[in-house]
Amino acid sequence: MKPVVLLRYIWASPNTVLGLILTFPVCMTGGRIRRIDGVLEISGRSAAWMLHRIPFVAPVSAMTLGHVVFAVDEAVHEQWREHERMHVRQYERWGPLFIPAYLACYIAARLRGEDGYYGNRFEAEAFGHERRIT
Ligand SMILES: [Zn+2]
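Residues numbered from 1 in each chain as written. Predicted model: local features only at pLDDT ≥ 70, side-chain atom pairs only at ≥ 80, totals over all residues. Heavy atoms only, no water.

Caption draft 1: Here's a closer look at the overall build of the chain. When helices and strands are counted, the chain shows five helices and four strands. Listing every helix and strand of the chain by position from the N terminus yields α-β-β-α-β-β-α-α-α. Scaling as 2.2 N^0.38, a compact globule of 134 residues should have a C-alpha radius of gyration of about 14 Å, and the chain matches this with 14 Å. Considering only C-alpha atoms, the chain reaches an extent of 40 × 35 × 25 Å along its principal axes. Per-residue burial for the chain yields a buried fraction of 43% across its 134 residues. Across the chain, the fraction of contacts at a sequence separation of at least 24, relative to all contacts at a separation of at least 6, is 51%. Approximately 7,900 Å² of the chain is accessible, and the part contributed by carbon and sulfur atoms is 63%. Side chains of the chain carry 16 positive and 13 negative charges; the gap between the two charge centres is 4 Å. (Helix = DSSP H or I, 4+ residues; strand = E, 2+ residues; numbered from the N terminus. Rg over C-alpha atoms; globule rule 2.2 N^0.38 Å. Buried < 20%, exposed > 50% of the residue type's maximum accessible area, 1.4 Å probe, protein only. Contact = heavy atoms within 4.5 Å. Areas by Shrake-Rupley, 256 points an atom, 1.4 Å probe, with all protein chains shown as cover. Lys, Arg positive; Asp, Glu negative; His and termini not counted. Charge placed at Lys NZ, Arg CZ, Asp CG, Glu CD.)

Caption draft 2: Quick look at the coordination of the zinc ion. With distances of 2.0 to 2.7 Å, the protein atoms coordinating the zinc ion are His 83 (NE2), His 87 (NE2), Glu 123 (OE) and Glu 123 (OE). For the zinc ion, all donor residues lie on one chain, and their spacing in sequence is H-x3-H-x35-E. Here His 83, found in helix α3 (residues 74-94), pairs with Glu 123, found in helix α5 (residues 121-126); they are 40 residues apart in sequence, far enough to count as distant. The two residues His 83 and Glu 123 agree in class, both being buried. (Donors = N, O, S within 2.8 Å, 3.2 Å for Na, K, Ca; no water.)

Caption draft 3: Expanded view of helix α4 (residues 98-111). Compared with an ideal rise of 1.5 Å per residue, which puts 14 residues at 20 Å, α4 spans 20 Å between its outermost C-alpha atoms and is within 8% of the ideal. Turning to α4, its buried residues are Phe 98, Ala 101, Tyr 102, Cys 105, Tyr 106 and Ala 109. Along the axis of α4, the buried positions cluster into a sector of 145°, meaning they face one direction only. For α4, exposure combined with an orientation more than 90 degrees from the buried face picks out Arg 110 and Leu 111. Packing partners of the buried residues in α4 comprise α3 and α5. Phi turns positive one or two residues past the end of α4, at Gly 113, with a value near 85°. (Expected span 1.5 Å × (residues − 1). Arc of directions from axis to C-beta.)

Caption draft 4: The arrangement of the sheet that holds strand β1 (residues 32-36) in detail. Taken together, the four strands give an open sheet; going across it, the order is β1-β2-β4-β3, and neighbouring strands pair in mixed fashion. One side of each edge strand has no neighbouring strand; the edge strands of this open sheet are β1 and β3 (62-65). Within this sheet the neighbouring strands show an average axis-to-axis angle of 20°, counted without direction. In this structure, β3 lies alongside strand β4 (residues 68-71), joined through four bridges in antiparallel fashion. By the bridge assignment for β4, Ala 62 is matched with Ala 71. Along the sheet, helix α1 (residues 3-28) makes contact with β1, β2 (39-43), β3 and β4, crossing β4 at roughly 40°. (Pairing = 2+ DSSP bridges. Axes fitted to C-alpha atoms, helices over the stretch in contact; angles between N-to-C directions.)

Written out as structure tokens, the structure is:
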């Protein structure tokens, strides 16, 4: 692993640890785990249960925490892989600041009268509607 890649994993690791903490109960209840391109993809019924109960944004089909991506099933991983990989890259850039920055953009969008998800700059970037956020 190149040093710059290792640094990205380390910088994103606080978020990845959160993802790994959630991975444990999902996999203990029959969830599936795969590693694709250095990212863990978790899916299954318990992942779906969790994704349908996330405060403010539920229900969602997929969610990224650092280098861990949860989805309701394999088909959703396939469908949303490019989008969720952009969130992985955002975690690699923002590290432990990603979740607070994401929430700030969510609130800012709501204050502008926009949807907190679709009006969020991080989501716009992941959907390819906006250039890179730095
Ligand atoms: Zn997204």
